[in-house]
Amino acid sequence: LAFADMDLDAAELAGNVTWTAPLDASQVTHYRLYLALSAAGASRHQLGADVPVATSLPHIPFNTPKGSFSHLLVYTVSSLAEQ
């Protein structure tokens with residue numbers, strides 16, 4: 001996962017998010033971006049809409065409030081589960 005915050009305000013986020021897809025993404029229907037309090041996803045909050053698999057560069061818009069969140073997470077979603 002790579003993200004460079006382009007928003008100049010310390011309490012806000014903005015920028016492109018990139019990640020490496022799983023080795024076997026045949027069952028992945030889309031991805032979800034979250035802000036969370038921990039790497040395990042504590043109190044996670046979804047950022048924007050689901051991201052289609054074909055999208056390689058989702059963007060967090062300027063002035064997105066950071067709140068008390070400290071982690072940016074990407075989850076895969078299939079017809080069976082989110083992980």
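All figures in this text were calculated on a predicted structure; none of them were measured in a lab. (Residues numbered from 1 in each chain as written. Predicted model: local features only at pLDDT ≥ 70, side-chain atom pairs only at ≥ 80, totals over all residues. Heavy atoms only, no water.)

Visitor: Looking at this structure, how should I read the pairing of strand S2 (residues 12-18)?
Guide: A regular strand places its side chains so that they alternate between the two faces of the sheet. Most of S2 sits out of view: five of its seven residues are buried. As paired elements, strand S1 (residues 2-3) and S2 share two bridges and run antiparallel to each other. Following the sheet pairing, Ala 2 is matched in S2 by Thr 18. In the sheet, S2 pairs with strand S6 (residues 59-65) via four bridges, with the strands oriented antiparallel. Paired with Gly 15 across the bridge in S6 is Ile 60. (Buried < 20%, exposed > 50% of the residue type's maximum accessible area, 1.4 Å probe, protein only. Helix = DSSP H or I, 4+ residues; strand = E, 2+ residues; numbered from the N terminus. Pairing = 2+ DSSP bridges.)

Visitor: Sorry, what's going on with the side chain of Glu 12 here?
Guide: Tracing the backbone shows Glu 12 in strand S2. Buried and unpaired, Glu 12 has no salt bridge, with Lys 66 as the nearest side chain of opposite charge at 12 Å. When neighbours within four sequence positions are excluded, Glu 12 is seen to be in contact with Asp 5, Asp 7, Asn 63, Thr 64, Pro 65 and Lys 66. (Lys, Arg positive; Asp, Glu negative; His and termini not counted. Salt bridge = Lys/Arg side-chain N within 4 Å of Asp/Glu carboxyl O. Contact = heavy atoms within 4.5 Å.)

Visitor: How do you make sense of the pattern of salt bridges when you look at a structure like this?
Guide: Should the charged atoms of two oppositely charged side chains come close, the side chains can pair. Counted under the stated rule, the structure contains three salt bridges. Where Arg 32 meets Glu 82, a salt bridge forms, and the shortest distance between an N and an O atom there is 2.7 Å. In this pair, Arg 32 sits in strand S3 (residues 30-36) while Glu 82 sits in the segment after strand S7 (71-77), placing the two residues 50 residues apart along the sequence. With a closest N to O distance of 2.6 Å, Glu 82 and Arg 44 form a salt bridge. Taken as a pair, Glu 82 in the segment after S7 and Arg 44 in the loop between S3 and strand S4 (45-46) lie far apart in primary sequence, 38 residues in all. Note on Glu 82: relative accessible area 26%, which makes it partly exposed. Residues joined in a network through salt bridges with shared partners are Arg 32, Arg 44, Asp 50 and Glu 82.

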